[in-house]
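Residues per chain, in single letters:
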Amino acid sequence: MINEQGLFDDVGKWQRKILNGYWIVVLISLVAEIVALIIKIRLEPESVPYYLIYKMLIPTSVQVTLVTVNELMERYYKKSSPLLTILTGTLIGAVLIYGNMRVIGIQYVMMIPMLVAAFHFSKKYLTFAFLMVIAELVIMYIMFPLIWTHMTIFERFALFYILTGEYLILIQLLHRGNDLLERLVRTSRSERDLLINNTIMERLSKTDALTDLYNHRTFQEYLDHLIEHCDTNKMPLQMAVIDIDNFKSINDTYGHAVGDIILKRVAGILQQSLTSDEIIARYGGEEFAIIFPEKTLEQAFEICERARESIHLLNHLEMEDRRVTVSIGLSGYVHGMEKSQFFKEVDSLLYVAKKEGKNRTVYPRDNELPVPFGGRMSF
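The following paragraphs examine the structure supplied in this document. (Residues numbered from 1 in each chain as written. Predicted model: local features only at pLDDT ≥ 70, side-chain atom pairs only at ≥ 80, totals over all residues. Heavy atoms only, no water.)

1. Considering the packing of aromatic side chains
The criterion, for reference: For Phe, Tyr and Trp, rings pair up if their centres lie within 6.5 Å, where Trp contributes its six-membered ring, and each pair is then called stacked (planes under 30 degrees apart), edge-to-face (over 60) or tilted (otherwise). For the purposes of this entry, the term helix denotes a DSSP run of H or I that reaches at least four residues, the term strand denotes a run of E that reaches at least two, and both are numbered from the N terminus. Buried, partly exposed and exposed residues are distinguished by accessible area as a fraction of the type maximum, computed with a 1.4 Å probe on protein chains only: under 20%, between the cut-offs, and over 50%, respectively.
In this structure the tally under the stated criterion is 7 aromatic pairs. For the pair Phe-130 and Tyr-167, a centre-to-centre distance of 4.5 Å together with 20° between the ring planes defines the contact as stacked. Here Phe-130 is found in helix 6 (residues 123-143), whereas its partner Tyr-167 is found in helix 7 (residues 153-206), with 37 residues between them in sequence. A residue is classified by how much of its surface remains accessible, and Phe-130, at 11% relative accessible area, is buried. Through pairs of rings, three or more aromatic residues link up here, namely Phe-219, Tyr-283 and Phe-343.

2. Remarks on helix 2 (residues 48-75)
Cut-off, in case you're wondering: A helix's residues, less one, multiplied by 1.5 Å, set its expected span. The bend at a residue is defined as the angle formed between two axes, one fitted to the seven residues ending at that residue and one fitted to the seven starting there.
Spanning 28 residues, helix 2 covers 37 Å between terminal C-alpha atoms, matching the ideal 40 Å at 1.5 Å per step. The largest bend in helix 2 is about 30°, located at Leu-57, with the proline Pro-59 one to four residues further on. Of all the positions in helix 2, only Val-48, Tyr-51, Lys-55, Met-56, Pro-59, Thr-60, Gln-63, Leu-66, Val-67, Asn-70, Glu-71 and Glu-74 are classed as buried.

3. Notes on the environment of Tyr-222
As for its placement among the helices and strands, Tyr-222 is situated in helix 8 (residues 216-233). Of the residues examined, Tyr-222 reaches a relative accessible area of 29% and is grouped as partly exposed. Spatially, the C-alpha atom of Tyr-222 lies 8.1 Å from that of Ile-279, the residues being 57 residues apart in sequence.

4. Concerning the sheet that holds strand 2 (residues 279-284)
This is how it is decided: What makes two strands pair is DSSP finding at least two bridges between them. Contacts were defined at the residue level, with two residues in contact if any of their heavy atoms lie within 4.5 Å. Lines fitted to C-alpha atoms define the axes, with helix axes restricted to the stretch in contact, and inter-axis angles between N-to-C directions lie between 0 and 180 degrees.
Taken together, the 5 strands give an open sheet; going across it, the order is 2-3-1-6-7, and neighbouring strands pair in mixed fashion. In this open sheet, the two edge strands, each paired with only one partner strand, are strand 2 and strand 7 (361-362). Across the sheet, helix 8 lies against strand 1 (237-244), strand 2 and strand 3 (287-293), angled at about 130° from strand 2, the strand it touches most. Contacts between helix 10 (residues 256-273) and the sheet are confined to strand 1, strand 2, strand 3 and strand 6 (326-332), with strand 3 contributing the most and set at about 10° to the helix.

5. Let's talk about a nonpolar patch on the surface
For clarity, the cut-off: Patches in this entry comprise residues that are over 30% relatively accessible and not in a salt bridge; like charges within 9 Å are linked, as are nonpolar side chains (Val, Leu, Ile, Met, Phe, Trp, Tyr) within 5 Å. Every accessible area reported is derived by Shrake-Rupley at a probe size of 1.4 Å, with residue values counting cover from the shown protein chains alone. Definition used for salt bridges: Asp or Glu carboxyl oxygen within 4 Å of a side-chain nitrogen of Lys or Arg.
On the surface, a nonpolar cluster with roughly 620 Å² of combined accessible area is contributed by Tyr-50, Leu-52, Ile-53, Tyr-54, Leu-57, Ile-58 and Val-62. Positionally, Tyr-50 belongs in helix 2.

In structure tokens, the structure reads:
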């Protein structure tokens, strides 16, 4: 997906490229001047001092100074302005024309600031560049008439029309570019919105709206995958089913709104008690289910007990500071066992926990872990 903000935040990169381009122009100009100097040394040695000062040293110094100012603004003050860059291109063009005292290709030299402005996709900058070019030509016409001696009146007007035509063509290119940019941004936004919507829908399809835990279907998918992985890699796998004790009484006594608050609160405590390895879901109604991959029964038991005790110690203002308890059935997967058999065994242990007084965690009887006796809540 295209980052639309990035389309507008790369001005600094283009400024850097433009400055590099200016340095290349200065270097090419210097090379051309050196070549011309060598020719003059051989053919016109008497004009070498004048050429060194007025055609080489002064123009090159002015160009280097102009680009250096932009470099300092860019590197140390971070304030390089497109307008300053455009003005620099205009002045570099003027120096090139003055240094050569020729009008051949003048329209191409004058294109430099307008092309620089076009990089910014701004009609305002392009118009500024065009006006600077016209002002530059007028000033040079007044101050350096020698430059224009080889041009007829018709050619001088033609130069103005050529530059105006180039400006109008670039304006149309900007319009086209901005149109494409707008379409690109709209496409980017559509793709982003679609991605967000798909992500939201995917999350909604996998989670329970009230508790924000995984839902029943997602839990079953994870359980299928982990059982297959367990059979293949002999990985230990435990599962617990948790039920809020006397939840019907909570709804009947305090209302379903309070019941929803208790469900969310219990879900939060369960989630806080787990590590990032466990998978927890709201299995249905007031029941929750937890998968413990790569943990022994003892480790899973300790986590369940920690969560059960945290839930039991919490007072609920919505229920006149009464407490809520949970019963937990916990068992380990035996390799080759059917998923339905595995869940049935865990569910039967939950039933035992309920029958033996609630507020406790029950696991297979042949295990050495002690069965804690918890408090019982009555309404």
